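Architecture and fold: a report
Read off the chains here:
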Amino acid sequence: MDLLILQMTEFCNIDCSYCYLPHRSSKKKITKPVITASLERVFESAAQDRPFTLVFHAGEPLTAPLDLFQHAADEARRLSNERVSVKLNVQTNGTLINKTWCDFFIKNDVKVGVSIDGPQALTDLHRKYRSGAGAYAPAIAGIQLLKENGIPFHIIAVLTSHSLQFPGEIYSFFKSIGPTSVGFNIDEQDGINKDSSIYACDEARYREFWKTLFRIWVDDNRSLEIREFKGILDLVAHGEQSVDFINSNQTNRAFSIVTVNTDGGISTFSPELIAIDGEQSFVYGNVLSDSFEYILRNPKLIQDISQINQGVTACRDSCDYFFFCGGGSPSNKIAETASFEATQTEYCRFGKIVIVDEIMKSFD
Ligand code: SF4
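The text that follows walks through the structure, step by step, so that each part is easy to find. (Residues numbered from 1 in each chain as written. Predicted model: local features only at pLDDT ≥ 70, side-chain atom pairs only at ≥ 80, totals over all residues.)

**Section: the overall build of the protein chain**
Applicable threshold: Secondary structure elements are taken from DSSP: a helix is a run of H or I of four residues or more, a strand is a run of E of two residues or more, and numbering for both begins at the N terminus. Two things to know: the radius of gyration comes from C-alpha atoms, and the globule rule equals 2.2 Å times the number of residues to the power 0.38. By definition, residues are in contact whenever their C-beta atoms, placed on the basis of the backbone, come within 7 Å of each other.
When helices and strands are tallied, the protein chain shows 14 helices and 9 strands. At 20 Å, the protein chain has a C-alpha radius of gyration in line with the 21 Å of a compact globule built from 364 residues. Projected onto its principal axes, the C-alpha coordinates of the protein chain cover approximately 55 × 50 × 40 Å. Considering only intrachain contacts with a sequence separation of at least 6, the fraction spanning at least 24 residues in the protein chain is 69%.

**Some details on the site of the ligand**
Definition in use: Each residue gets a C-beta atom placed from its backbone. If that atom is within 6 Å of a molecule or strand, the residue is near it. Amino acids are sorted into nonpolar (Ala, Val, Leu, Ile, Met, Phe, Trp, Tyr, Cys and Pro), charged (Asp, Glu, Lys and Arg) and polar (every other residue, Gly among them).
Residues in close proximity to the ligand include Cys315, Cys319, Tyr321, Phe322, Cys325, Gly327, Gly328, Thr343, Gln344, Cys348, Lys352 and Ile353, which together make up its full environment. Sort the elements by how many residues they give to the shell around the ligand and helix H14 (residues 346–362) lands first, with 3 residues. Here the residues of the shell around the ligand sort into 7 nonpolar, 4 polar and 1 charged.

**Quick word on the environment of Asp220**
What counts is decided by this rule: To assign burial, the other C-beta atoms lying within 10 Å of each residue's own C-beta are counted, with C-beta atoms placed from the backbone; 20 or more indicates buried, 12 or fewer indicates exposed, and intermediate counts indicate partly exposed.
Here Asp220 lies in the loop between helix H7 (203–219) and helix H8 (227–238). With 12 C-beta atoms counted inside 10 Å, the residue Asp220 sits in the exposed group. Sequence separation between Asp220 and Ser115 is 105 residues; the distance between their C-alpha atoms is 23 Å.

**Section: the environment of Val158**
The residue Val158 is located in strand S5 (residues 153–159) in this model. Sequence-wise, Val158 and Leu301 are 143 residues apart; in three dimensions their C-alpha atoms are separated by 31 Å. Dropping the residues within four chain positions of it, Val158 is found in contact with Tyr18, Asp117, Asn185, Ile186 and Asp187.

**Observations concerning the packing of helix H1 (residues 32–44) against helix H2 (residues 66–79)**
The criterion, for reference: The axes used here are C-alpha line fits, helices contributing only the stretch in contact, and every angle between their N-to-C directions lies in the interval 0 to 180 degrees. The scheme is simple: roughly parallel for angles under 35 degrees, roughly antiparallel for over 145, roughly perpendicular for 65 to 115, oblique for anything else. Take the far helix as the reference: if the near one is turned anticlockwise from it by less than a right angle, the crossing is left-handed, and if turned clockwise, right-handed.
As a packed pair, H1 and H2 sit with axes 10 Å apart at the nearest point and diverge in direction by 25°. By the criterion of interaxial angle, the relationship of H1 to H2 is roughly parallel. Classified by chirality, the crossing of H2 by H1 is right-handed. Within the contact between the two elements, H1 uses Lys32, Ile35, Thr36, Leu39, Glu40 and Phe43 and H2 uses Leu68, His71, Ala72, Glu75, Ala76 and Leu79. Class assignment for the residues of the contact of H1 with H2 results in 7 nonpolar, 2 polar and 3 charged.

**A look at helix H6 (residues 167–177)**
As a reminder of what qualifies: The reported arc concerns the directions from the helix axis to the C-beta atoms and nothing else.
Among the residues making up H6, those that are buried are Pro167, Ile170, Tyr171, Phe173 and Phe174. Down the axis of H6, the buried set is contained in an arc of 165°. They therefore lie on one face. Summarising the geometry of H6, the exposed residues directed more than 90 degrees from the buried face are Gly168 and Ser176. Buried residues in H6 make contact with S5, strand S6 (182–186) and H7. With its phi angle positive at about 75°, Gly178 sits one or two positions after the end of H6.

**A word on the sheet that holds strand S9 (residues 285–286)**
Each strand in a sheet pairs with another by means of backbone hydrogen bonds, the pair being arranged parallel or else antiparallel. To keep it simple, the criterion reads: For two strands to be treated as a pair, DSSP must find at least two bridges joining them.
One open sheet accounts for 9 strands, arranged S6-S5-S4-S3-S2-S1-S7-S8-S9; its pairing is mixed. Each edge of the open sheet carries a strand with a single partner, namely S6 and S9. Note that strand S1 (residues 3–6) and strand S2 (residues 52–56) share 4 bridges and pair parallel. Its bridge partner lying in S2, Ile5 is registered against Val55. In this fold H1 packs onto S1, S2 and strand S7 (257–260), with an angle of close to 170° to the strand it touches most, S1.

Put into structure tokens, the structure is as follows:
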């Protein structure tokens, strides 16, 4: 396992228009026994032979009490050994960061990711409180506190159709706030977000955005790390030896990523799958009762592994972009086609193919 994602709470204090989480108004929180069991399940697994990262994510983690986080950090420290150790990471909307959280991040060496979409007008368009007020100002105040306390942070930004006319403004904004890197997600059809403004946009406009952003980045001597550009160029430079190639299949490999919800329910593959309820649920067991080895015998998981592998094989056989992609994301295949066996999706077209194309064309 490479990544353990703990859902500290289902709740989010804001209500982004493109969010995939169905229960973000619920105040349900994780418990200390679930946190301990999650970590113990990893450490007791005979297959766990390497360090891994624990990410606090899904819902707004910082709405949960600090002592739950301190418990996770203490338990991670208690269980770590020479072979298996734990790095801590949090993905937050930034609006609740205060001095107490900064002290916790420093004391426990927590890497911080902040979600913000760009300049105020862009961020406030889709990242709003339930009252309708924009979340930009508190998020920027949180970022400012991180900077004052010397805490590095990376950014995850969501691109919507509104972003496409502002590549220069978006680049300048992120450069000005000083993150270690920026990753661009797209407004995608996933979970309960059924409509993507990106999938509905004119593809030529979308291509122009990436072409322009890439040119700006090159003209600026690549001085801001952009996840998408770094990943693709690293693959071009180092082929199958590159970190991105090795990691590209994580969402397609059972137990490379493990997600645990507030009840202790375990899912794997794409983290977004944990948000799907009902008959279609991808929760395969519970950390309070089941070891990873036991869950691997779950017939539903065995069936899903087989279907995901068939989808990856079909991608490998049919798609020129497989080298850059590794066979796509199971959650997007399910969201768009209701099958893991699918190949090309709108997500891979907009999230991968167009970006690869525009970078490669720039070398022509
Ligand atoms: S780009 Fe799409 S079709 Fe190609 S390998 Fe990835 S998921 Fe499969």
